[in-house]
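Take a look at the letters that make up each chain.
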Amino acid sequence: MGFLKSLFGAKEAKFVEVAPFGARYEVPSGETMLEAALKNGVPFPHNCTVGTCGSCKCKLKTGRVSALTDFGYTLSQQEIAAGFILACQAIPKDPLTQVEVESAASDAPKPEQYTGKIVATEDLTHDIKKITLELDRPVNFVAGQYANLKYPNIRRARNYSFADAPDRDGRQQVSFYIRKVPKGAFTEDLFAGRLTDVPFDIEAPHGAFHLHPGSTPMICIAGGSGLAPLMSVLEKARKDRVKRPCAFLFGARTEADLYCLEQIRQIEQGWADKFVFMPVLSHEPADSAWKGARGLVTQFITDAMPGINWAEAEGYMCGPPGMIDAGIASMTEVGMTLESIFYDKFTDESHIAKMP
Ligand code: FES
């Protein structure tokens, strides 16, 4: 990586301007836009820093950049065609580069450090656990945001989305849905029951994923443990009596991989407008008793919410990268704009290991 950076580096001063922060900073030769932003205290959204999560996605308005690794590994074709880049993989080529980032909710608190311990675990499916941590004090966050969790045995903090709706006075107990990652140090410890009484360091909140204000139809798609941020967003919207039609599609492999169905039913019953819940199974045995939808969850958006004006709908997606890319393709195909599609790509150690 260092060799590539030095190849792309040049002597002329390069400046980057970031909207909507109004920040301007110099990018030293060989540094990425994100590295220089963070050194200059610019709150550029980021997470993995290695080009896998999409958190540092921004729209290139002026200037050209070189990519350390192909943006297409993480961004969809539609996003690349629309001028989106990844700041953690972008080295500016021109004297001035202007980009625009999706900003966090305007009421998102600044991240703080907390400590905590796991006080409860629950098996949601054969490979997804819900964990509840008791923190040293209440944390405030916006529905859809995530926390960085770390304990002494792991080198790198893991990012997990809050699964509960936030409380006005903060939450001292917070829950996360955690999918088992083969050979993932954290989840191996968790699923082996080795994390009881282990002290965690938590930094939160982070992330720009949140419900944008409006009354137009919203299409939500969750896959795997990507249910957590959407449960937080939808439960908060239910409590706030948000009045907008909502289709919620939940993609899983088999019926045994569906979870939180009772909580989803309660959200559906308390929703202030039309609410359609559609679970979609991709690998359910053909001879099972399942009567619901089968196939790829992203192919069912028009079935879930027929007859709406797609140009004004908003998309909210959380799940694995392949599902998000397919969802962006389906949503733009029916007329939704990229600017109205918001997502949280769930990457884990296995995705990082596959990076070139
Ligand atoms: S921080 Fe750039 S892709 Fe994750």
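What you see is a predicted model; the values in this text were computed from it and never measured. Every chain is numbered independently, its residues counted from 1 as its sequence is written. Totals for whole chains, interfaces and linings use every residue, but because this is a predicted model, local features are given only for residues with pLDDT of at least 70 and side-chain atom pairs only at 80 or more, for both listing and counting. Computation of side-chain values: all heavy atoms of the structure, hydrogens and water removed.

**As for the overall build of the chain**
Helix numbering and strand numbering both begin at the N terminus, where a helix is a DSSP run of H or I of at least 4 residues and a strand a DSSP run of E of at least 2. For the chain, the helix and strand inventory stands at nine helices and 19 strands. Since a compact globule built from 356 residues should have a radius of gyration of about 21 Å, the 20 Å found for the chain is in line with a globular shape. Seen along its three principal axes, the alpha-carbon backbone of the chain occupies a region of about 65 × 50 × 40 Å. Here's how the labels work: a residue is buried when its accessible area is under 20% of the maximum for its type, exposed when over 50%, partly exposed in between, all with a 1.4 Å probe on protein chains only. Within the chain, buried positions represent 52% of all 356 residues. Of all intrachain contacts in the chain linking residues separated by at least 6 positions in sequence, the fraction that spans at least 24 positions is 70%. Of the side-chain charges in the chain, 38 are positive and 43 negative, and the distance between the mean point of each set is 2 Å. Taken over C-alpha atoms, the radius of gyration is set against a globule rule of 2.2 Å times the number of residues to the power 0.38. Two residues qualify as a contact provided that any one of their heavy atoms is within 4.5 Å of a heavy atom in the partner residue. A positive count includes Lys and Arg, and a negative count includes Asp and Glu. His and the chain ends are not counted in either. Taken as the charge location is NZ of Lys, CZ of Arg, CG of Asp or CD of Glu.

**Some words on the sheet that holds strand β13 (residues 200–206)**
Ordered by their spatial adjacency, six strands build an open sheet running β11-β10-β13-β8-β9-β12, and the pairing between neighbours is antiparallel. Each edge of the open sheet is held by one strand with a lone partner, namely β11 (158–161) and β12 (171–179). Between one strand axis and the next, the sheet turns by 40° as a mean value, whatever way the strands run. Strand pairing is defined by DSSP finding a minimum of two bridges between the two strands. Across five bridges, the pairing between strand β8 (residues 112–123) and β13 is antiparallel. Geometry is summarised by axes, namely lines fitted to C-alpha atoms with helices restricted to the contacting stretch, and by angles between N-to-C directions that run from 0 to 180 degrees.

**A word on the sheet that holds strand β2 (residues 23–26)**
Backbone hydrogen bonds hold the strands of a sheet together, and the pairing may be parallel or antiparallel. Reading across the sheet, the five strands line up as β2-β1-β7-β3-β5 and stay open at both edges, with mixed pairing between neighbours. The strands lining the two open edges of the sheet, one partner per strand, are β2 and β5 (84–86). With strand direction ignored, the average angle separating the axes of adjacent strands in the sheet is 35°. Where strand β1 (residues 15–19) lies against β2, four bridges are found, and the strand directions are antiparallel. Note that in β2 the partner of E17 across the bridge is R24.

**Comments concerning the UniProt feature "domain: FAD-binding FR-type" (unreviewed entry) in the chain**
UniProt positions are given in the numbering used here, feature names are shortened, and annotations may be inferred rather than shown by experiment. Here, UniProt's "domain: FAD-binding FR-type" (unreviewed entry) annotation points to residues 111–212. Segment residues 111–212 splits into 7% helix and 48% strand. End C-alpha atoms: 21 Å apart.

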